[in-house]
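Given next are the chains, with one letter for each unit.
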Amino acid sequence: MEPLATLFEQSAMPAAAGLPEPLRKLYGGHLAFPQSPGRPYVVANFVSTLDGVVSYDIAGSSGGGHVSGFNPQDAFVIGLLRACADAVMVGAGTLHGDPGHVRTASFIFPEAQRRYAELRQALGKTTLHPLNVIISGSGRVDLAEPTFHTPGLKTLIVTSRAGCAHLEATHGAALATTRVATAGDGPALAPEVILTLLYRDLGVRLLVHEGGPTLLGPFLAEGLIDELFLTIAPWVAGRSTDTRRPGLVEGVTFSPEAAPGLELVSAKQAGDHLLLRYRAQLLAQTMGRAAPADAVRVDHGRTTGTVTCDGNLAAR
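These numbers come from a predicted model, not from an experiment. (Residues numbered from 1 in each chain as written. Predicted model: local features only at pLDDT ≥ 70, side-chain atom pairs only at ≥ 80, totals over all residues. Heavy atoms only, no water.)

Details of the environment of Gly 139
- By secondary structure assignment, the location of Gly 139 is in the loop between strand 4 (131-136) and strand 5 (155-159).
- For the pair formed by Gly 139 and His 166, sequence separation is 27 residues and the distance between their alpha carbons is 5.9 Å.
- In this view, Gly 139 contacts Thr 159, Gly 163, His 166 and Leu 167; residues no more than four positions away in its chain are not counted. (Helix = DSSP H or I, 4+ residues; strand = E, 2+ residues; numbered from the N terminus. Contact = heavy atoms within 4.5 Å.)

Right, dumping it as structure tokens:
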């Protein structure tokens, strides 16, 4: 793989720690993340076409790899983020829309498997893979997915109370090796409740949010996305009145006065692909621009409370 070419790098970045030299050369620089007090630092990672499509939404071709054209540099960066992370989070729709995909560094870019393991060790991670977190308010999760059967990969399903009952009724003993936590009555789950659960009960400090766009929306609306890694693929997917092609954010709309701002941190090039890194500006600052009360609309209910199906999340 050819190394990434760095076109722009903001100077005021956190001091790098633990990025081995071979990975630094391939990435075209250092990579480090600060910590957020009281909750995980949340890094979203997406790939988009030139016209803003993040999934073709076609059976068998819905994953991000089809959008990127299976670009190796994009896969390498995804692996790098997963190697740095304590947990990787996706919605159940994303899990099922890209069947067979396991969200580990070595799965997405096996060529750097040893280097990723060295990075995790240098960062003080105690597991080979980041925790995989599946968000499903309904509890409709296919436990036959390889995610739940990969040696050394721990998983957690976060669902509603009704979703927990559905999982127990549907899968029974199959849940013995998968942790399940409930975060309210549902069907929608509040982002802050999810983050509190991961931070307090599981020690997650760096969370990589891999979507999909319906799960990204509420986190962005609540000001709970700290960074966005966005790869721009050099093609146009198109949309029509009878063809669903989701964009980066779904289920949430912002007025011009309340649209969250992003600050460009770095821009890298891999052939005709652009790999952009943004830092989210404080949503409170954006909302302070005399935004009306209905400036943000989220098509999800709010939930409160965090309990576990078995009352013993940390031990399972």
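Once the structure has been displayed, the description carries forward.
Some details on the packing of aromatic side chains
- Throughout the structure, instances matching the rule amount to 4 aromatic pairs.
- Taken together through their ring pairs, the aromatic side chains of Phe 33, Tyr 41 and Phe 229 make up a single cluster.
- Above the face of the Tyr 199 ring, Arg 205 is positioned so that its terminal group lies 3.7 Å from the ring centre.
- When the ring centre of Tyr 27 is taken as reference, the NZ or CZ atom of Lys 268 above it lies at 4.4 Å. (Phe/Tyr/Trp six-rings, centres within 6.5 Å; stacked < 30°, edge-to-face > 60°. Lys NZ or Arg CZ within 6 Å of the ring centre and 35° of its normal.)

Concerning unusual backbone geometry
- The amide bond that connects Gly 211 to the next residue, Gly 212, takes the cis arrangement and shows omega of 10°.
- Within the element layout of this structure, Gly 212 appears in the loop between strand 7 (206-209) and helix 9 (213-221).
- If you check the backbone angles, Asp 57 has positive phi at about 55° while not being a glycine.
- Relative to the elements of secondary structure, Asp 57 occurs in the loop between strand 2 (41-48) and helix 2 (64-68).
- On the basis of relative accessibility, which here comes to 37%, the residue Asp 57 falls in the partly exposed class.
- Positive phi values are uncommon outside glycine, yet Phe 70 reaches one of about 55°.
- Structurally, Phe 70 is set in the loop between helix 2 and helix 3 (72-84).
- The class for Phe 70 is exposed, based on a relative accessible area of 56%. (Buried < 20%, exposed > 50% of the residue type's maximum accessible area, 1.4 Å probe, protein only.)

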